[in-house]
Amino acid sequence: MRHYRLGAHTKTDLKVHVIWIPKYRKPVLTGEVAVRVRDLVRTIAAQHELEILSGKVARDHVHVLVSYRPTQRVSQIVQWLKGTSSRVLLQEFPRLRKQFWGKHLWARGYLAVATGTVTDEVIRQ
C-alpha cells in the first residue's frame with residue numbers, strides 16, 4: 001500500500017534518492033562521525049518536514065531516500081542536508097577541520113534520482 005502525503009487539496013508521493021560524498025572522497029565517515037552524520041540528517045529532515053525512508057552512511061558517501069512535499073525542491077533539500085551537516089561536523093570534530101580546509105566538508109555535487117516508476121525495493125537494493 002502506498003503512503004501518500006496529504007496537502008490542502010493534494011495527494012503526493014514524491015521520493016528522491018540522494019547521494020553525496022566528502023571532498024576528495026576521503027573515507028572519514030566512520031565511528032562517531034558516521035553516527036553524528038546519521039543523527040544530523042534525521043534532525044535536519046524533521047525540521048524541514050522531510051521523511052527519510054531509508055539511508056546509509058558509508059565510509060566515503062551518504063545515501064538517503066527521502067519523501068518530500070511538492071513545494072520543496074531537490075536542490076533545496078540537498079542544500080539543507082549538506083550545508084547544515086558540514087557546518088556542525090566541522091565545529092564538533094577538529095580533526096575534520098585539519099583535513100578539509102576552507103570550511104567545506106562535502107564535495108560540490110550530488111546525485112539525485114527520482115524513484116518514478118521504480119519500486120522502493122529496487123532503490124533500497
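Residues numbered from 1 in each chain as written. Predicted model: local features only at pLDDT ≥ 70, side-chain atom pairs only at ≥ 80, totals over all residues. Heavy atoms only, no water.

Counting along an α-helix, one turn takes 3.6 residues, and residues three or four places apart therefore face a common direction. Taking 1.5 Å per residue, 17 residues should reach 24 Å; helix H1 (residues 31–47) reaches 25 Å between its end C-alpha atoms and fits that length. Along H1, the positions that sit buried rather than exposed are Val-33, Ala-34, Val-37, Leu-40, Val-41, Ile-44 and Ala-45. Viewed along the axis of H1, the buried residues span an arc of 130°, placing them on a single side of the element. Exposed positions of H1 whose direction lies more than 90 degrees from the buried face are Gly-31, Glu-32, Ala-46 and Gln-47. The secondary structure elements touched by the buried residues of H1 are strand S3 (14–20), strand S4 (51–57), strand S5 (62–68), helix H2 (74–92) and helix H3 (94–99). Following H1 by one or two positions, Glu-49 has its phi on the positive side, about 55°. (Helix = DSSP H or I, 4+ residues; strand = E, 2+ residues; numbered from the N terminus. Expected span 1.5 Å × (residues − 1). Buried < 20%, exposed > 50% of the residue type's maximum accessible area, 1.4 Å probe, protein only. Arc of directions from axis to C-beta. Contact = heavy atoms within 4.5 Å.)

Whether parallel or antiparallel, the strands of a sheet pair through hydrogen bonds between backbone atoms. Judged by pairing direction, the sheet is antiparallel, and its 4 strands sit side by side in the order S4-S5-S3-S6 without closing on themselves. Here the strands that pair on one side only, and so sit at the sheet edges, are S4 and strand S6 (111–114). When strand polarity is set aside, the average angle formed by the axes of neighbouring strands in this sheet is 15°. Pairing of S3 with S5, which is carried by 7 bridges, proceeds in the antiparallel orientation. Bridge pairing in S5 links His-17 to Leu-65. Against the sheet, H1 touches S3, S4 and S5, its axis set at about 165° to S4. (Pairing = 2+ DSSP bridges. Axes fitted to C-alpha atoms, helices over the stretch in contact; angles between N-to-C directions.)

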